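Report on the structure
Listed here are the chains, written in short residue letters.
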Amino acid sequence: METEELLQKVRRIEMKARGLSNNIFAGEWHTAFKGRGMAFSEVREYQYGDDVRDIDWNVTARFDRPYVKVFEEERELTVILMVDVSGSLDFGSQQMTKRQMATEVAATLAFSAIENNDKIGVIFFSDHIEKFIPPKKGRKHILFIIRELLTFEPQSRHTDIGQAVEFMTNAIKKRCTAFVMSDFFDGKDFSQQLMIANRRHDVVALHIYDRRMQELPDVGLMKVCDAETGYEMYIDTGSKKMRRAHHEWWVNQQIRLNDMLTRAHVDCAHLRTDEDYVKGLMALFRMRR
């Protein structure tokens, strides 16, 4: 990608993402994703109605009158974007590929985070950790992340979600909010890794998919290729039996995914590439109030 073209894409995504974070997600982010708890702010003299458990006995003894500790919500979050860069994310039959949608969603979440003075980091993963960008604040850092989302080329085209989640759990020491962005085409059971991660952190799944994975069009003989293995074959989409079998496979995949997320107590938003992902994110935010 030429430098000028890249800069234009970065700018276009920045404008859209910043607009969404400022105008639509402004109040929702704060209520949907909490800080790490209550942090000490100051001491002040005891007032009628104050909880006696908040009395600071050291200060009280020093001034010979009661003082209480005042706490406020510790708002600063660490946000980790876990972005699947395996081969299957390059597929797209509608307005955009799954990877393009993941890039826009990640940028929107990143700008929402910095509007709330939160840190943001990224983990690119396939069947291993492709790249880790440690959490930082600031617009310059966000623009670097967007450039990486647009241009990063993975070494592998396979997927291992469990390994990526385990890496995040061990790499991020303080509690964070982690968004796992993937189509979740992984034959392994990663519910245990999700469960362990969600006990220490706040893990959220963003399931990005294309409508043609849900149902095949009736266009006759079609050559298909597995983006992760390279295996090619012809299928007859004119066959109702073939289309029904594909849809049943999809339904079973969703049942399996939802079962794993439920067991791990992980919230999820399902985002389709030909639909407005803003609605899906807003529904997720409101669910978490």
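Before reading on, note that the structure itself is shown above.
The structure reproduced in this document is the subject of the present report. Think of each chain on its own: its residues are numbered from 1, step by step along the sequence as written. Where totals are concerned, whole chains, interfaces and linings use all residues; where local detail is concerned, this predicted model gives features only for residues with pLDDT of at least 70, and gives and counts side-chain atom pairs only at 80 or more. Excluding hydrogens and water, the side-chain values take into account all heavy atoms of the structure.

1. Looking at the state of the cysteines
Here, disulfide denotes a covalent bond that connects the sulfur atoms of two cysteines. When two cysteine sulfur atoms lie within 2.5 Å, the pair is treated as a disulfide. As enumerated under the stated definition, the model contains zero disulfides in all. As a non-bridged cysteine, Cys-176 has Cys-268 as the owner of its nearest cysteine sulfur, 17 Å distant. What makes Cys-176 buried here is its relative accessible area of 1%. Whether a residue is buried, partly exposed or exposed follows from its accessible area with a 1.4 Å probe, protein chains only, as a fraction of its type maximum: under 20%, in between, or over 50%, in that order.

2. Some points on the pattern of salt bridges
A side-chain nitrogen of Lys or Arg and a carboxyl oxygen of Asp or Glu constitute a salt bridge if their distance falls within 4 Å. A full pass over the atoms with the stated rule returns 16 salt bridges. One salt bridge in this structure joins Asp-189 and Arg-263, with 3.7 Å as the shortest N-O distance. On the criterion of sequence distance, the pair formed by Asp-189 in the loop between strand 6 (177–182) and helix 7 (191–200) and Arg-263 in helix 9 (residues 240–263) is long-range, its members being 74 residues apart. On the basis of relative accessibility, which here comes to 36%, the residue Arg-263 falls in the partly exposed class. Residues Asp-202 and Arg-288 are paired through a salt bridge, measuring 2.3 Å at the closest nitrogen-oxygen approach. Highlighted residues: Asp-202 in strand 7 (residues 202–209) and Arg-288 in the segment after helix 10 (277–287), separated in sequence by 86 residues. Here the two residues Asp-202 and Arg-288 agree in accessibility, since each one is buried. Residues joined by salt bridges that share partners form a network here, namely Asp-189, Asp-259 and Arg-263. For helices the rule is a DSSP run of H or I covering at least 4 residues; for strands it is a run of E covering at least 2, with both sets numbered from the N terminus onward.

3. Observations regarding unusual backbone geometry
In this model, Asp-64 sits at a positive phi of 60°, which is unusual for a non-glycine residue. Relative to the assigned elements, Asp-64 resides in the loop between helix 3 (57–63) and strand 2 (67–74). Since its relative accessible area comes to 72%, Asp-64 is described here as exposed.

Purely geometric stuff here, so don't read any function into it on its own.
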